[in-house]
Amino acid sequence: MPDAAPGMSSDTDAAAGAPPRALSSPSAARNRDPILAVLRARLPAAARVLEVASGAGEHAVWMARGLPGASWRPSDTAAEALASIAAWRQAAGLPNLLTPIRLDAMDPAGWPKETFDAVVCINMIHISPWAAAEGLMKLAEAVLPPGGLLYLYGPYLEAQTPPAPSNLAFNEDLKRRNPEWGLRRLEDVAALSARSGLKLAGRIEMPANNLSLWFEKAG
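Because the structure is a prediction, the values reported are computed rather than measured.

### What to know about the side chain of N171
Alright, step 1. Checked against the element boundaries, N171 lands in helix α5 (residues 165-177).
Alright, step 2. In this structure N171 touches G182 and L183, once residues within four positions along its chain are discounted.

Here it is, written out as structure tokens:
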């Protein structure tokens, strides 16, 4: 079954040892190691990374710890998520895990002005309007240098691959919760990225019927 939409629980239900005010996403513990392995193989050792839609913040801590030479900038739109990220960050005490920032992929006015080597987005575009995916691509175009990397993780529909029954059920559940949500077709995402100068450069099948996708910005 694919990772569920990142439902975040309060710290009373979080993993043992979670700091006060921290939230927890159960799927993070299941997918963090496979995601880290993909990123470790493709990011420069001293990469400057912007994570979009960091949610609870557990991925940010795990990736910063596993990529000690990188600087990791988490972000989210929700105040509750930003507080959770800050709590996890304070507890972890990692020098390369930077202060979280408020960032809405659909609001260019709030985008950072600095340049990053990579933009990472885990489990977002299927639980947000298509406009969020459009904004994400434009954001990546704005902050990545030539050769920079956009990394996406999550479930997708593919024209040449029969969908897993669990993915179809998940897709229907998402659409019941919000008609603007739902699994995206990989071909549509690749076409959207191309309009922002980002070429689909790789695809890896991941556990629970998810995919790792990475896109490179044209030089």
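### So, unusual backbone geometry
If a residue is not glycine, its phi is most likely negative; likewise, a peptide bond is most likely trans.
Alright, step 1. The phi dihedral of R21 is positive, around 75 degrees, even though this residue is not glycine.
Alright, step 2. Judged by its relative accessible area of 61%, R21 is exposed.
Alright, step 3. Its identity is not glycine, yet N209 carries a phi of approximately 60 degrees, on the positive side.
Alright, step 4. Inspection of the secondary structure assignment puts N209 in the loop between β9 (198-206) and β10 (210-217).
Alright, step 5. Among the residues examined, N209 registers a relative accessible area of 35% and is labelled partly exposed.

### Remarks on the packing of aromatic side chains
Alright, step 1. Applying the stated criterion across every chain yields a total of zero aromatic pairs.
Alright, step 2. The residue whose ring lies beneath R32 is W62, and the NZ or CZ to ring-centre distance is 3.6 Å.
Alright, step 3. Just above the ring of W214 sits the side chain of R42; from NZ or CZ to the centre is 4.0 Å.

### A look at the sheet that holds strand β5 (residues 118-122)
Alright, step 1. Taken in spatial order, the six strands line up as β2-β1-β5-β6-β10-β9 in an open sheet, and their pairing is mixed. Strands at the two margins of the open sheet, each flanked by one partner only, are β2 (71-73) and β9. Here the average twist between neighbouring strands, direction ignored, is 20 degrees.
Alright, step 2. As paired strands, β5 and strand β6 (residues 149-154) are joined by five bridges and run parallel to one another.

### What about the pattern of salt bridges?
Alright, step 1. In this structure the tally under the stated criterion is five salt bridges.
Alright, step 2. R177 serves as the salt-bridge partner of D173, at 3.8 Å between the closest nitrogen and oxygen. In this pair, D173 and R177 are both assigned in helix α5, four residues apart and thus about one turn of the helix distant.
Alright, step 3. The class for R177 is partly exposed, based on a relative accessible area of 48%.

Criteria and thresholds
- Residues numbered from 1 in each chain as written.
- Predicted model: local features only at pLDDT ≥ 70, side-chain atom pairs only at ≥ 80, totals over all residues.
- Heavy atoms only, no water.
- Helix = DSSP H or I, 4+ residues; strand = E, 2+ residues; numbered from the N terminus.
- Contact = heavy atoms within 4.5 Å.
- Buried < 20%, exposed > 50% of the residue type's maximum accessible area, 1.4 Å probe, protein only.
- Phe/Tyr/Trp six-rings, centres within 6.5 Å; stacked < 30°, edge-to-face > 60°.
- Lys NZ or Arg CZ within 6 Å of the ring centre and 35° of its normal.
- Pairing = 2+ DSSP bridges.
- Axes fitted to C-alpha atoms, helices over the stretch in contact; angles between N-to-C directions.
- Salt bridge = Lys/Arg side-chain N within 4 Å of Asp/Glu carboxyl O.

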